[in-house]
Amino acid sequence: MLRANNLNGGALYVKGLCLFYQDHLDKARQHFLQVLRVDPDHSKARTAIKNVKELEATKQKGNAAFTSGKNEEALKLYKAALQISPNNKLTNAKLHCNIAAVYMKLKDYDEAVKACNAAIGLDDQYVKAYTRRMTCYQELDQHEEAVRDADKTAQNGAQ
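Residues numbered from 1 in each chain as written. Predicted model: local features only at pLDDT ≥ 70, side-chain atom pairs only at ≥ 80, totals over all residues. Heavy atoms only, no water.

**Student:** How would you explain unusual backbone geometry if you had to name every residue and give the values?
**Tutor:** With phi around 65 degrees, Asp-23 is a residue other than glycine that occupies positive phi space. For Asp-23, the position within the fold is in the loop between helix 1 (9-21) and helix 2 (25-38). Non-glycine residue Asp-141 carries a positive phi angle of around 60 degrees. As for its placement among the helices and strands, Asp-141 is situated in the loop between helix 7 (127-139) and helix 8 (143-158). Judged by relative accessible area, Asp-141 falls into the exposed class, the value being 59%. (Helix = DSSP H or I, 4+ residues; strand = E, 2+ residues; numbered from the N terminus. Buried < 20%, exposed > 50% of the residue type's maximum accessible area, 1.4 Å probe, protein only.)

What follows is the structure in structure tokens.
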């Protein structure tokens, strides 16, 4: 449909949604903006742009807080970002993995494992979540679980 008519607001909106749920937030935003150029009254595209912007901004603030050592603030921001689009599995898997990184920094490995489990529950191919969980298991002296995650990481990395 888009190849035949790239001015079809409905098709552009659906493509934007697909990109959004594939964690391509910048491309999704561009498609939603294009929808509004074609159809300025498209309320769903307006809402989608608002969600993309809010999600990106909250995640970036969380990253900045984490980088500057403001761990509690980073946790709060990452958790807030999870609420913006609860159905966006790939983005939320990354947010859970970021939460795990904060807990690891705080040396709260049990909570970090829970966050990694949440990330893996959303995206079972997410190698970084397995790697972080493996590190946590090592810190918790749960070496069998760490080896299982190492095997899973090797499997997923080879694909």
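Text resumes after the structure shown.
**Student:** I'd like a description of helix 1, backed by residues and values.
**Tutor:** The end-to-end C-alpha distance of helix 1 is 18 Å, a good match for the 18 Å that 13 residues give at a rise of 1.5 Å each. Looking at helix 1, one finds that the buried residues are Gly-9, Ala-11, Leu-12, Tyr-13, Gly-16, Leu-19 and Phe-20. Looking at the buried residues of helix 1, the elements they touch are helix 2, helix 3 (43-67) and helix 5 (89-105). Looking at where helix 1 begins, the residue whose side-chain oxygen comes 3.0 Å from the main-chain nitrogen of Gly-10 is Asn-8. (Expected span 1.5 Å × (residues − 1). Contact = heavy atoms within 4.5 Å. Polar contact = N/O pair within 3.5 Å; in protein donor to acceptor, adjacent residues only side chain to side chain.)

**Student:** Describe the environment of Glu-72, with residues and values.
**Tutor:** Of note, Glu-72 is situated in helix 4 (residues 71-84). We classify Glu-72 as exposed; its relative accessible area is 56%. Along the chain, Glu-72 and Gly-62 lie 10 residues apart, while their C-alpha atoms are 9.7 Å from each other.

**Student:** How would you sum up the nonpolar core? Please name residues and give values.
**Tutor:** Within the largest apolar cluster, 37 residues are counted, with the highest numbers of intra-cluster contacts made by Phe-32, Leu-55 and Ile-99. For this core, the secondary structure elements donating two or more residues are helix 1, helix 2, helix 3, helix 4, helix 5, helix 6 (109-122) and helix 7. Per element, the largest residue contribution to this core is seven residues, and it comes from helix 4. Once residues within four sequence positions are removed from consideration, Ile-99 is found in contact with Leu-75, Tyr-78, Lys-79, Leu-82 and Ala-115. One finds Ala-93, Cys-97, Ile-120 and Ala-129 within the second-largest nonpolar core, a separate group that totals seven residues. (Core = buried A, V, L, I, M, F, W, Y, C linked by side-chain atoms within 4.5 Å.)

**Student:** I'd like to hear about the pattern of salt bridges, residue by residue, with values.
**Tutor:** In the structure shown here, the tally under the stated rule is five salt bridges. Across the pair Arg-29 and Glu-56 runs a salt bridge whose closest N-O atoms are separated by 2.7 Å. With a gap of 27 residues between them, Arg-29 in helix 2 and Glu-56 in helix 3 connect regions that are remote in the sequence. In this structure, Arg-29 and Glu-56 share a single accessibility class: buried. Arg-133 is paired through a salt bridge with Asp-149; the nearest N and O atoms lie 2.6 Å apart. Of this pair, Arg-133 sits in helix 7 while Asp-149 sits in helix 8; the two residues are 16 residues apart in sequence, bridging distant segments of the chain. (Salt bridge = Lys/Arg side-chain N within 4 Å of Asp/Glu carboxyl O.)

**Student:** Could you give an account of helix 7, naming the residues involved and the relevant values?
**Tutor:** For helix 7, built from 13 residues, the straight-helix expectation of 18 Å at 1.5 Å per residue is met to within 8% by its first-to-last C-alpha distance of 19 Å. Of all the positions in helix 7, only Ala-129, Tyr-130, Arg-132, Arg-133, Met-134, Cys-136 and Tyr-137 are classed as buried. Where helix 7 terminates, the next one or two residues include Asp-141, which has phi positive at roughly 60 degrees.

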